[in-house]
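Chain and residue survey
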Amino acid sequence: LAEVETGLHEIGTVDSPWLSDLLGYALKGGGKRLRPALAIFSAKFYDYNLPRILPLAMAVELMHLATLVHDDTIDNSSVRWGRTTINKLWGMEKAVLLGDYLFAKSGELTARTDNLRVIKLLPETLMIITNGELAQAASAFKIDQTREQYFFRIAAKTAALFVMATESGAVLSKAPEKSIQIMRNYGYNLGIAFQIVDDILDFIGIEEEVGKPVGSDLLQGTLTLPAMLLIECYPENNPVKNLFAGGDKQKNIAQTIEMVRNSNIIQECFNIATKYQKKACKDLKNLPQVKARELLMNLADYIVTRKR
């Protein structure tokens, strides 16, 4: 991923001092660079050409960063990756404009692939992500949500960008359609597993490790899988219900976290995440036996064991 880092550094070098400061801060945020890694690994099975895949790898990372900048601005979040957010340092207006710039730059990089299928995937993915964001906003502080609605949201908000990375990488490597679909399914199921673990860490993580306050989702009124299971286990006098009904925030969030931690809910959520991890990997055996196949398997293992 050294070439990706070099390319991102060059993107952050612009004439405008204001934009240069914003880009420099955003690009050094400490993200895992998971999505560009997925794009590169997915291109390794057939006709791998780094100059062809590199713009796409950078594009998916910039698109990811753009969604985070906008998310933090919408949620008025103060911390991301253990650092003060851009909206808190520079204000909401500049944060929104930076997100727009990152989306535009992502599109420009994707266009460099000269592959119409890959170019079309970017706006399609952005529409899916936006739909997921709207669904989350519409369901904020609403207690009567189903698991199906939860999985729709995380498929749109998280898995869609994983799919863009893995499908585009396979397409740019000139993979046969069957292999492209295997990589697409890998990205989708891995994205679901990743978000479930993210939602688990919002209950059991340590702020210094996860890079944001524990219980952030509850504070925003976002109902995630652990909270849903808690409501299913304790339908009466539930702290999540009390919180969403306007009760004391800190008291009910603390009680929710304690109840989730002292139950089997976390293990059940990990079991569900592991199910999606296994679905992601089950067809990789049908791809050529190259090093990338092992790397994708290892990456899937990491997704369900990480602490941040």
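Look above for the structure.
Residues numbered from 1 in each chain as written. Predicted model: local features only at pLDDT ≥ 70, side-chain atom pairs only at ≥ 80, totals over all residues. Heavy atoms only, no water.

Re the overall build of the protein
- Assigned secondary structure in the protein consists of 16 helices and two strands.
- A globule of 308 residues ought to have a C-alpha radius of gyration of about 19 Å, and the protein, at 20 Å, matches this closely.
- Oriented by its inertia axes, the alpha-carbon framework of the protein measures out at about 60 × 50 × 30 Å.
- Within the protein, the proportion of its 308 residues that are buried is 53%.
- Across the protein, contacts joining residues at least 24 apart in sequence account for 74% of those joining residues at least 6 apart.
- Accessible area for the protein stands at about 14,100 Å²; split by element, carbon and sulfur atoms hold 54% of it.
- Each charge sign in the protein was given a centre, from 36 positive and 35 negative side chains, and these centres are 4 Å apart. (Helix = DSSP H or I, 4+ residues; strand = E, 2+ residues; numbered from the N terminus. Rg over C-alpha atoms; globule rule 2.2 N^0.38 Å. Buried < 20%, exposed > 50% of the residue type's maximum accessible area, 1.4 Å probe, protein only. Contact = heavy atoms within 4.5 Å. Areas by Shrake-Rupley, 256 points an atom, 1.4 Å probe, with all protein chains shown as cover. Lys, Arg positive; Asp, Glu negative; His and termini not counted. Charge placed at Lys NZ, Arg CZ, Asp CG, Glu CD.)

Digging into the packing of helix α7 (residues 116–138) against helix α8 (residues 147–172)
- Packing of α7 against α8 brings their axes to within 7 Å, and their N-to-C directions diverge by 170 degrees. Viewed along their axes, α7 and α8 adopt a mutual orientation that is roughly antiparallel. Between α7, through R117, V118, L121, L122, T125, I128, I129, N131, G132, E133, A135 and Q136, and α8, the contact on the second element is made entirely by F152, R153, A156, K157, A160, L161, M164, E167, S168, V171 and L172.
- The residue makeup of the contact of α7 with α8, split by class, is 13 nonpolar, five polar and five charged. (Axes fitted to C-alpha atoms, helices over the stretch in contact; angles between N-to-C directions. Parallel < 35°, antiparallel > 145°, perpendicular 65-115°, else oblique. Nonpolar A, V, L, I, M, F, W, Y, C, P; charged D, E, K, R; others polar.)

Some thoughts on helix α3 (residues 34–42)
- Burial of α3 is extensive: nine of the nine residues sit out of reach of the surface.
- For α3, the complete set of buried residues consists of L34, R35, P36, A37, L38, A39, I40, F41 and S42.
- Considering only its buried residues, α3 is in contact with α1 (2–11), α4 (50–75), α8, α9 (177–204) and α16 (291–303).

A short note on the packing of aromatic side chains
- Summed over all chains, the structure comprises five aromatic pairs.
- Between Y25 and W90, the aromatic rings sit 5.4 Å apart at their centres with planes inclined by 70 degrees, giving edge-to-face as the arrangement. Within this pair, whereas Y25 is found in helix α2 (residues 17–27), its partner W90 is found in helix α5 (residues 86–90), the two being separated by 65 residues in sequence.
- When the ring of F141 is compared with that of F244, the centres are 5.3 Å apart and the planes differ by 70 degrees; the resulting orientation is edge-to-face. Of this pair, F141 sits in the loop between α7 and α8 while F244 sits in helix α13 (residues 239–244); the two residues are 103 residues apart in sequence, bridging distant segments of the chain.
- Taken together through their ring pairs, the aromatic side chains of Y150, F151 and Y276 make up a single cluster.
- If you follow R83 out to its NZ or CZ, it ends over the ring of Y25, 3.7 Å from the centre.
- Lying across the ring of F194, R306 places its NZ or CZ 3.9 Å from the centre. (Phe/Tyr/Trp six-rings, centres within 6.5 Å; stacked < 30°, edge-to-face > 60°. Lys NZ or Arg CZ within 6 Å of the ring centre and 35° of its normal.)

Section: the environment of I143
- When you line up the elements, I143 lands in the loop between α7 and α8.
- Relative accessible area serves as the criterion here: at 31%, I143 is assigned to the partly exposed category.
- Sequence separation between I143 and A245 is 102 residues; the distance between their C-alpha atoms is 8.7 Å.
- Excluding residues that lie within four positions of it along the chain, I143 makes contacts with L223, I231, V240, K241 and F244.

As for the side chain of S168
- Assignment of secondary structure puts S168 in helix α8.
- Take S168: its relative accessible area is 0%, and that puts it in the buried class.
- Residues in contact with S168, not counting those within four places in the same chain, are L56, V118, L121 and V163.

Examining the state of the cysteines
- Applying the stated rule across the entire model yields zero disulfides.
- Its sulfur unpaired, C269 is 9.7 Å from the next cysteine sulfur, which belongs to C233.
- Free cysteine C281: the closest other cysteine sulfur is in C269, separated by 20 Å. (Disulfide = S-S within 2.5 Å.)

A look at the pattern of salt bridges
- Under the defined criterion, the tally for this structure stands at 17 salt bridges.
- Residue R52 pairs with D47 through a salt bridge whose shortest N-O separation is 3.3 Å.
- Owing to a relative accessible area of 22%, R52 belongs among the partly exposed residues under this scheme.
- Across the pair R306 and D198 runs a salt bridge, and its minimum N-O distance is 3.0 Å. Of this pair, R306 sits in the segment after α16 while D198 sits in helix α9, and the two are 108 residues apart along the sequence.
- On the basis of relative accessibility, which here comes to 25%, the residue D198 falls in the partly exposed class.
- One network of salt bridges, in which partners are shared, links R117, E167, E177 and R184. (Salt bridge = Lys/Arg side-chain N within 4 Å of Asp/Glu carboxyl O.)

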